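This is what each chain is made of:
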Amino acid sequence: MEVEVNPVVVIGAGPQGLAAAAHLLERGLEPVVLESGDGPASAVSEWGHVRLFSPWSELIDPASRRLLEPTGWSAPETGYPTGAQWVEEYLAPLAETLSDRVRYSSRVIGVGRKGRDLSVDAGRAEQPFVVHVRRADDTEERLEAKAVVDASGTWRAPSPAGAEGLPALGEQAAVEAGLLDHRTPSREEAAELAGKHIVVVGSGHSAATAIGDLATVVRREPGTRVTWALRRGTVGNAFGGGSADELPERGALGQRAKKVVEDGFIDLVTGFRTERVLVEDGRAVLVAEDGRRLEPADRVVVATGFRPDLSFLSEVRLDLDVRLQAPTKVATEVDPNLHSCGSVRATGATDLAHPEPGFYIVGAKSYGRAPTFLAMTGYEQVRSVVAELAGDHEAADRVELELPDTGVCGGSGLFDAPEQATSGGCCTPAPQLVQIGTRTDG
C-alpha cells in the first residue's frame, strides 16, 4: 500500500507550532500540525490566568499576521495580554484559519526513520520520518514526513522540588494527597488558600507570579502565611533585573516580588534544598538536605522550571548539550553556567540542526532547561527553519531579531557564594539579601 509522505509534520499547536505552519504555507509547503490537547495552544490555556510580560507587538508572528489579515482579523495593538487573551484573540483564530491541517487529541509517542532504528546508517537520510501518533480513543497511526519540527514545548514536563533534579522523597505522595502542585495557582485558587500556610519553591518568573498573587491574599487575610523557599544560598537574581530589564513588565514582576518580601508579607528562606516531603496530619512538611524543616503547609507550589520531554525522540539522532538538554549550539548562548550578564543572540536553523537531517526542535523546548524564553525568539527560529526547509539558505542564515536584555547578572558562581552574588556584576545594582521574621537560616 502506498503511503502519503507529508512535506512537514509539526508537533504542537502552540504559538511556535502554529507560526511554523503559517511560514510553511507561505513557502508553499503543506504542514500537518499534531496537538495532544483538544484545542489550540492547550498548554497556554492552562496558564491562561497569567499576564505575559511581552506586549502584543512581540506576541504575533509576522507570517501568521499575513495569513490572518485577509480573513478580516485585526491584531490587538496595545497592552499585555493574559494567556487566555493570547489564545482567544490570536492563537485560536490562527488555528481556525489553518483548518484541518491542525489535528487535535493527537499525541506524538515516537519519531524515527522508516525502517531504520537509531543505530542504522545505511540509507538513513533517504528514508522519510515516521511519526507515531496516539489519539484520544487510544487508537494509533503512523504518518510519514520529509521533515519534522518539534514545537511541543516543556509545559507538561515540570521540574520537581528535589534539589538534585529528581523528585524529593515523598513528593509524588504529596501530589496524590492534593497538597503539592507543580502549577502556579490562579488568582481564584490563591484566594481559596486564605488563612492557610503556603510554601512556594523556586526562583523564576512562575515563582514570582505566584508570590505576587499570594501576597494579595496575605494583605486581605492576615491569617494567611506564605513561605518562599529558594535553593540558592542567596537571593541572587530571584528579583530579576528591575529597571535594567529591557522588557519593563518582566523587570516589574521581580520588583513586585521583592517589595512584598521587604514589606514582610512573605517569609523568605534561602539555601533550602528539598530532600523529602512528609505528609503529617493532612499537611505537607518540607525537609531540607541540611535537616531544616519548614512549618507544615496546607499547599506547596513547586515552581522550579520545566524540562524537555525527550522520551518520544529516542530513535532520532540528536546533538544535545549535556547540561541543558538543548541543541548544543543553542546551549552555548543560553547556558546560565556560562553567561554572566546581558542578553543572548537569536538562534536559527544552523543552531537548531541535529545529526538527523530535516529534524528541528524549536520554541521553549529548544532552550532545554534554560529559563527566559520569549515568543519572538521562537518566531525567529521557525522563520529561519522553514526557510532552510524550503531551500532558501540565505534567508535561513539571516538574523532578523535582536533580543532584549534581561538586566540580570548571573552565572554559576551565584549558586552559593554570597561574596559573588552581591558584587553587582555588570548590569544591575547588587541584590540585597532580605531576612524576614525570626529565622536565622536565611
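Refer to the structure presented above.
Just so it is clear, the structure is predicted and the values come from calculations on it, not from any experiment. (Residues numbered from 1 in each chain as written. Predicted model: local features only at pLDDT ≥ 70, side-chain atom pairs only at ≥ 80, totals over all residues. Heavy atoms only, no water.)

1. Remarks on the pattern of salt bridges
Enumeration according to the criterion identifies 26 salt bridges in this entry. Between K114 and E144 there is a salt bridge whose closest N-O contact spans 3.0 Å. Of this pair, K114 sits in the loop between β4 (106-113) and β5 (129-135) while E144 sits in strand β6 (residues 140-150), placing them 30 residues apart in sequence. In this structure K114 comes out as partly exposed when scored by relative accessible area, which is 31%. (Salt bridge = Lys/Arg side-chain N within 4 Å of Asp/Glu carboxyl O. Helix = DSSP H or I, 4+ residues; strand = E, 2+ residues; numbered from the N terminus. Buried < 20%, exposed > 50% of the residue type's maximum accessible area, 1.4 Å probe, protein only.)

2. Some words on the nonpolar core
Ranked by size, the top nonpolar core spans 83 residues in total, and within it W86, Y90 and W228 carry the most contacts. Mapping this core onto the domain boundaries places at least three of its residues in each of domain 1 (8-156 + 306-397) and domain 2 (171-302). If we ignore the near neighbours within four places in the chain, the residues touching W86 are P15, V44, W47, L52, W56, L59, P81, L91, A375 and Y379. Counting 18 residues, the second largest nonpolar core, distinct from the first, contains L180, V201, L286 and A288. (Core = buried A, V, L, I, M, F, W, Y, C linked by side-chain atoms within 4.5 Å. Domains from an automatic or database assignment. Contact = heavy atoms within 4.5 Å.)

3. Some thoughts on the packing of aromatic side chains
Overall, the coordinates contain 5 aromatic pairs when judged by the stated rule. Residues W73 and Y90 carry aromatic rings whose centres are separated by 6.1 Å and whose planes lie at 45° to one another, so their mutual orientation is tilted. Taken together, the residues span a long stretch of sequence, with W73 in the loop between α3 (62-68) and α4 (83-98) and Y90 in helix α4 at a distance of 17 residues. By relative accessible area, which is 12% here, W73 ends up buried. Over the ring of F129 we find R113; its NZ or CZ atom is 3.9 Å from the centre of that ring. (Phe/Tyr/Trp six-rings, centres within 6.5 Å; stacked < 30°, edge-to-face > 60°. Lys NZ or Arg CZ within 6 Å of the ring centre and 35° of its normal.)

4. So, the packing of helix α1 (residues 15-26) against helix α11 (residues 375-389)
Close contact between α1 and α11 brings their axes to 9 Å; oriented N to C, the two are set at 35°. For the pair α1 and α11, the sense of crossing is right-handed. Taken together, the residues of α11 that come into contact with α1 (itself represented by P15, Q16, A19, A20, H23 and L24) are A375, G378, Y379, V382, R383 and V386. Of the residues belonging to the contact of α1 with α11, the class tally is 8 nonpolar, 3 polar and 1 charged. (Axes fitted to C-alpha atoms, helices over the stretch in contact; angles between N-to-C directions. Left-handed = near helix turned anticlockwise from the far one by under 90°. Nonpolar A, V, L, I, M, F, W, Y, C, P; charged D, E, K, R; others polar.)

5. Focus: the sheet that holds strand β9 (residues 225-229)
Strands sit in the order β7-β13-β8-β9-β10 across an open sheet of 5 strands; the sheet is parallel. Each edge of the open sheet carries a strand with a single partner, namely β7 (180-181) and β10 (267-269). In the sheet, strand β8 (residues 197-201) pairs with β9 via 5 bridges, with the strands oriented parallel. Bridging across to β9, V200 finds its partner in W228. This element, helix α7 (residues 205-220), spans β8 and β9 of the sheet and lies at about 160° to β9. (Pairing = 2+ DSSP bridges.)

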